[in-house]
Amino acid sequence: MFLMSYVPVIGLEIHARIKTRTKLFCRCANEAVPVEANRHVCPICMGFPGMLPLLNEEAVRLATRACLALGMTICPETKFDRKNYFYPDLPMGYQISQFDKPIGADGHLFIEQAGSAPRRIGIERLHMENDAGKLSHFDDGSHVDYNRAGAPLMEIVSMPEIFSVDDAKSYAEEMQLILRAVGSSDADMEKGMMRFDANISLRADSNAPFGTKVEIKNLNSFKALEKALAYEIDRQTRLLEKGETIVQETRGWDEGSGKTISQRSKEIAADYRYFPEPDLPPLSITQEHIDAERSKLPELPFAKRERYKTIFKLDGEVARLLVQQEDLAQYFEQVAERTGNPKAAATWVTSILLAELSNAKERLEDLRFPVEDLARLITLVSEDAVSLLSAKETFSIMYATGQKPDAIIAEKGFLQVSDDSALLALIDEVLAAFPLQRAEYAGGKTALLGFFVGQVMQRSKGSANPKKVGQLLLEKLS
Ligand SMILES: [Zn+2]
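Reading guide: rules and limits
Along every chain, residues carry numbers that run from 1 in the direction the sequence is written. Restriction of local features to residues with pLDDT of at least 70 applies here, the model being predicted, together with a cutoff of 80 or more for giving and counting side-chain atom pairs; totals for whole chains, interfaces and linings are based on all residues. Between any two strands, at least two bridges found by DSSP are needed for them to pair. Only DSSP runs of H or I reaching four residues or more are called helices, and only runs of E reaching two or more are called strands; each is numbered from the N terminus. Contact between two residues is assigned when their C-beta atoms, built from the backbone, lie within 7 Å. For helices, the fitted axis covers only the stretch in contact; all axes are lines through C-alpha atoms, and the angles between them, taken along N-to-C directions, range from 0 to 180 degrees. Here is how to tell: hold the view so the strands point away, follow the path from the first strand over the helix to the second, and if it runs clockwise the crossover is right-handed. Geometric relationships in this document are graded by angle, where less than 35 degrees denotes roughly parallel, more than 145 denotes roughly antiparallel, 65 to 115 denotes roughly perpendicular, and other angles denote oblique. In this scheme the handedness of a crossing depends on how the near helix is turned from the far one: anticlockwise by less than a right angle means left-handed, clockwise means right-handed. Note on residue classes: Ala, Val, Leu, Ile, Met, Phe, Trp, Tyr, Cys and Pro are nonpolar, Asp, Glu, Lys and Arg are charged, and everything else, Gly too, is polar. To define a nonpolar core, we join buried Ala, Val, Leu, Ile, Met, Phe, Trp, Tyr and Cys residues through C-beta atoms within 7 Å and take the resulting set. As a rule, residues whose C-beta atom has 12 or fewer other C-beta atoms within 10 Å are exposed, those with 20 or more are buried, and those in between are partly exposed; C-beta atoms are placed from the backbone. Marked domain ranges trace back to an automatic or database domain assignment.

## A few points about the sheet that holds strand 7 (residues 119-130)
- Taken together, the nine strands give an open sheet; going across it, the order is 2-6-7-10-1-11-12-13-14, and neighbouring strands pair in mixed fashion. Each edge of the open sheet carries a strand with a single partner, namely strand 2 (73-74) and strand 14 (259-265).
- The pairing of strand 13 (residues 249-254) with strand 14 spans six bridges and is classified as antiparallel. For R251, the partnering residue across the bridge sits in strand 14 and is S262.
- Contacts from helix 1 (residues 57-69) reach strand 2, strand 6 (104-111), strand 7 and strand 10 (152-158), with the element oriented near 170 degrees to strand 7.

Laid out in structure tokens, this is it:
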């Protein structure tokens with residue numbers, strides 16, 4: 001069957017664990033690494049009668065910083081609300097969240113696809129809330145671990161301004177980069193520190209009104225996000241082609257079957273009966289507090305990529321690769337500064353160094369040589385003291401042993417002779433040895449230049465700098 005193509009409209013809700021030492025309303029540890037179940041619990045996060053929550057100031061600071069990094073307006077008088085529902089992983093019987101006055105609203109971030117201009121995606125809001133515990137199901141019943149119950153979360157809701165699976169992935173990746181860069185969250189998906197809910201609907205073209213949206217809950221990897229959205233686009237397309245209507249519903253992603261599965265339809269949608277949290281006073285965020293957090297913002301990933309492209313003249317893809325990994329970007333800047341040659345530094349770091357690291361399954365902190373040594377090697381190449389090929393071999397040895405580049409080059413005889421007098425002596429030798437070719441050259445067969453260069457290179461046992469040899473030969477033969 002030929003399927004018509006529809007334009008998807010996607011909105012993402014991202015839950016990210018705020019990087020505090022303790023939970024949002026009590027002093028239990030906020031730990032993402034698995035420990036013995038139910039170790040980090042207390043009467044507050046277990047919702048015992050009479051307990052009183054106490055707001056974690058650090059969580060507010062880090063959420064404020066995330067809002068500022070996302071270009072949001074901070075709500076000066078924010079508050080918390082109870083979101084009521086019953087579930088075994090929610091000991092209080094309600095979640096403390098923010099309903100009508102989220103801490104941040106009206107932000108944006110920029111995404112980039114290779115070869116196209118950056119695109120702005122609007123962000124509706126960012127609010128704080130506490131996490132629930134974790135249920136595990138076994139043959140003999142279900143177990144619940146409350147270590148995560150009460151952990152601080154930021155929920156970040158995008159505008160429905162994402163129109164492809166690739167853009168959805170880029171948005172999620174950019175959010176992870178930003179939250180990490182500002183220190184608000186480690187956003188480590190493998191440790192459950194970041195997860196996604198996605199809204200998706202289809203429409204006939206980009207001017208048509210929005211279609212009926214379906215929500216896919218609890219996607220916990222970039223792969224799952226991509227696969228679930230692609231599956232849902234396909235499923236909804238097929239339904240629309242058959243003239244059927246899309247049911248507004250919540251669906252879950254089943255990794256095993258690679259399908260989304262209906263969980264509940266709108267008719268039985270939960271009514272959370274939000275009301276202001278009586279145990280927490282409204283929260284004022286002063287301008288002083290906002291300024292203090294703004295002053296802690298580092299250069300953001302988007303700005304860094306732009307700087308690499310405009311100031312360092314790096315290719316967009318290379319800039320993206322560097323900025324994706326903060327330690328790699330830092331390392332690159334050190335090499336660029338020491339060599340004064342950002343383009344060469346970027347090439348060495350993103351292709352040659354990354355290849356060695358990935359082969360050896362090592363990380364930057366495992367390097368056995370200081371950054372100065374790589375800078376020295378790059379400088380030797382740009383000064384034509386060694387060929388690129390020899391430099392790459394030198395680097396492999398340097399990488400494996402931590403030996404100094406100059407020592408390796410001397411030992412291997414990699415130094416190119418660029419010294420005029422030494423090269424001129426070799427050139428004279430060659431020209432004397434091939435009088436016939438010299439006459440042919442003089443007669444107009446200039447292609448013989450390559451032959452002479454080759455002869456000189458041979459006599460130098462590969463140590464001559466071919467560029468220099470060519471130049472000197474041209475002068476000599478003219
Ligand atoms: Zn607690």
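## Considerations on the sheet that holds strand 5 (residues 94-97)
- Sheet architecture is open: three strands sit in the order 5-4-15, paired in antiparallel fashion. Edge positions in the sheet fall to strand 5 and strand 15 (275-276), since each has one partner strand and no second.
- With two bridges connecting them, strand 4 (residues 81-84) and strand 15 associate as antiparallel partners. Counterpart to R82 in the pairing with strand 15 is F275.

## Examining unusual backbone geometry
- Its identity as a non-glycine residue notwithstanding, A187 has a phi of 45 degrees, on the positive side.
- If you trace the backbone, A187 turns up in the loop between helix 2 (165-182) and strand 11 (194-203).

## Concerning the pairing of strand 13
- Here strand 12 (residues 214-219) pairs with strand 13 via three bridges, running parallel. Directly across from K217, in strand 13, lies its bridge partner G252.
- Following the chain from strand 12 across helix 3 (residues 222-241) to the adjacent parallel strand 13, one finds a crossover that is left-handed.
- Two successive antiparallel strands, strand 13 and strand 14, enclose a turn made up of four residues, where G258 displays a positive phi of approximately 70 degrees.

## Some thoughts on the packing of helix 7 (residues 326-339) against helix 9 (residues 371-382)
- Where helix 7 meets helix 9, the axes come as close as 9 Å, and the angle between the chain directions of the two elements is 50 degrees. The orientation of helix 7 relative to helix 9 falls into the category oblique. Considering the relative orientation of helix 7 and helix 9, their crossing is right-handed. Contacts between helix 7 and helix 9 involve Y331, Q334, V335, R338 and T339 from the first element and V371, E372, L374, A375, I378 and T379 from the second.
- Of the residues assigned to the contact of helix 7 with helix 9, the class counts are six nonpolar, three polar and two charged.

## With respect to the nonpolar core
- Formed by 68 residues in total, the largest nonpolar core has its most connected members in A63, A66, A168 and A198.
- Beyond its immediate stretch of four places on either side in the chain, A198 contacts I10, L12, A168, I216, L219, L225, A228 and L229.
- Counting 30 residues, the second-largest nonpolar core is a separate cluster that includes L321, A345, V349 and M398.

## Some remarks on the domain arrangement of the chain
- Partitioning the chain into domains gives domain 1 (7-293), domain 2 (299-412) and domain 3 (420-477).
- Centre-to-centre separation of domain 1 and domain 3, based on C-alpha positions: 69 Å.

## Describing the packing of helix 12 (residues 420-433) against helix 14 (residues 449-459)
- Look at helix 12 against helix 14: their axes get within 9 Å of each other, and the N-to-C directions meet at 120 degrees. In terms of orientation, helix 12 and helix 14 fall into the oblique class. Every pair of crossing elements has a handedness; the one defined by helix 12 and helix 14 is right-handed. Along its contact with helix 12, which presents L426, I427, E429 and V430, the element helix 14 presents F452, Q455, V456 and R459.
- Looking at the contact of helix 12 with helix 14 residue by residue, the class counts come to five nonpolar, one polar and two charged.

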